[in-house]
Amino acid sequence: MIKNHFIAFFIAILTLFCYYLFEYIYKIIYVFDIFLGGDKVQGVQTMEKTKRSEYTVSDAVKFILCAILLSVAVSLVYSIVLISVSARMGVGVDVLQKYKAVSIISCLINPVCFFVMFLIFNATRKVKGASAVNLNGKFTLLPFSVVIMMALICILLISPIINMIFFGFEELGYVVDDSLPIAINSPVDLVVSILILALVPAIVEEFVYRGVILNGFLSKMKPYSAVVLSALIFAVMHGSLQQFLYQFILGMCLGLIMLYSENIWFPMLLHFLNNALVVILSTFNPIMYLNTENVYYDNFFQILFPILMFILGVGLIAVLLFMMHYFAGLLKHYPKAIAEKSYNVVNEKGNIIQKEKTNIFGIIKTMSANEKVIYITSIALMLIIWIANTISGFVG
């Protein structure tokens, strides 16, 4: 039998494995950098003397590729370990995955990988992580209130149309798995599930997607374009067709909260509340219209209701964001990313010139040769993984 204390031992071994694997992956990318000509302005060589307090586009694209490679490599190793253990125990992998310890480890793999990578990336790129991700931002009441209301809107008003989409996918033969990855049979299980499925992802994923990726893109992109691109990456990286729309909307909300508050604690709070509410509502089912059992959308009202709720939810989110923008203007204190319309570039003569920030389609033009290759490779890998998961959902 697998003991629960095996979790701590496995996480320690996995952490060490992630550390050495990431160093190896990063060295490959760095050598690839040099081979393609490197980035003389933003490259690792220029960062050795002093630490930076901001991420760049170069950081964002390299972090995305490292995240994908590390996650795939560790997941592959973990799958091999599961197959080996299940073979020695004489049970199927699906049976083994029902063990609570195994379920917990499975849920912690990506967060552990991302957090270890975040720490090593900051060290190797000479970045002050706390400052670069806005960990020291000011706490104000308005963003806090908006976050609480957004969490409720996403769950109560956006979820119904997602459930209807789930139903449509099932009718097309797609296998929709909306069950929690950790079985909840007691109050202790509920607390553990909230910690692992809500708190840990909220912290780690916000460091990654809003801290590194969004802030990196903001260095050269218009703020709303950067938010959209980071939300798309956030949705695709989850690798699920059934979650794509909801994750994209959530990613937009998280990015905009980060943009206006300039404090990563607020998107962390929104992310945590969203995941925690999903765990609690999935366990107790207190709200009837969120319960997907025995709902067939076979009459006009059942189809119209989720659509109207979605429109209302999007409208309320827009109102909340407008309030944040309005009060920022009223106080004459627009966030730095919105106030700055240009960025500095060093030309061939060594002179500093200003260029206007670009959009999603223009960002690749601002990249060096190596960054373009890494960016395109990252996007291609994300799409391949997402398409593979989608196909597997249809073929079972």
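Just so it is clear, the structure is predicted and the values come from calculations on it, not from any experiment. (Residues numbered from 1 in each chain as written. Predicted model: local features only at pLDDT ≥ 70, side-chain atom pairs only at ≥ 80, totals over all residues. Heavy atoms only, no water.)

Chemist: So what about the overall build of the chain? Which residues, and what values?
Modeler: Assigned secondary structure in the chain consists of 13 helices and two strands. Nonlocal contacts in the chain, meaning residues at least 24 apart in sequence, comprise 79% of its contacts between residues at least 6 apart. Just so you have it, the chain exposes about 20200 Å², and 68% of that area is on carbon and sulfur atoms. (Helix = DSSP H or I, 4+ residues; strand = E, 2+ residues; numbered from the N terminus. Contact = heavy atoms within 4.5 Å. Areas by Shrake-Rupley, 256 points an atom, 1.4 Å probe, with all protein chains shown as cover.)

Chemist: Can you lay out the side chain of N122 for me, pointing to particular residues and giving the numbers?
Modeler: Mapped onto the fold, N122 is located in helix α4 (residues 100–124). Contacts of N122, omitting those with residues within four sequence positions, involve Y55, V127 and G129.

Chemist: Describe the pattern of salt bridges, listing the residues and the values that go with them.
Modeler: Under the definition given, this model contains four salt bridges. A salt bridge links D189 to K100, with the shortest nitrogen-to-oxygen separation between them at 2.8 Å. With D189 in helix α7 (residues 187–218) and K100 in helix α4, this pair connects stretches of sequence that are 89 residues apart. On the basis of relative accessible area, K100 is assigned to the partly exposed category, the value being 29%. Here E206 ties to R210 by a salt bridge, and the two come within 2.8 Å at their closest N and O atoms. (Salt bridge = Lys/Arg side-chain N within 4 Å of Asp/Glu carboxyl O. Buried < 20%, exposed > 50% of the residue type's maximum accessible area, 1.4 Å probe, protein only.)

Chemist: If you had to explain the packing of helix α8 (residues 223–237) against helix α9 (residues 244–261) to someone new, which residues and values would you point to?
Modeler: Contact pair α8 / α9: the axes reach a minimum separation of 8 Å and the direction vectors enclose 140 degrees. As far as their axial angle goes, α9 and α8 are oblique. Along this stretch, α8 crosses α9, giving a crossing that reads as right-handed. Between α8 and α9, the contacting residues are P223, Y224, V227, V228, A231, L232, F234, A235 and V236 on the first element and F244, Q247, F248, L250, G251, M252, L254, G255, L256, L259 and Y260 on the second. Of the residues assigned to the contact of α8 with α9, the class counts are 17 nonpolar, three polar and no charged. (Axes fitted to C-alpha atoms, helices over the stretch in contact; angles between N-to-C directions. Parallel < 35°, antiparallel > 145°, perpendicular 65-115°, else oblique. Left-handed = near helix turned anticlockwise from the far one by under 90°. Nonpolar A, V, L, I, M, F, W, Y, C, P; charged D, E, K, R; others polar.)

Chemist: Give a detailed account of helix α2 (residues 57–89), specifying residues and quantitative values.
Modeler: In a regular helix each residue adds 1.5 Å, so 33 residues correspond to 48 Å; α2 covers 48 Å between its end C-alpha atoms and thus fits that length. Looking at the residues trailing α2, positive phi occurs at G90, about 75 degrees. (Expected span 1.5 Å × (residues − 1).)

Fair warning: the whole summary comes from geometry, so function is off the table for now.
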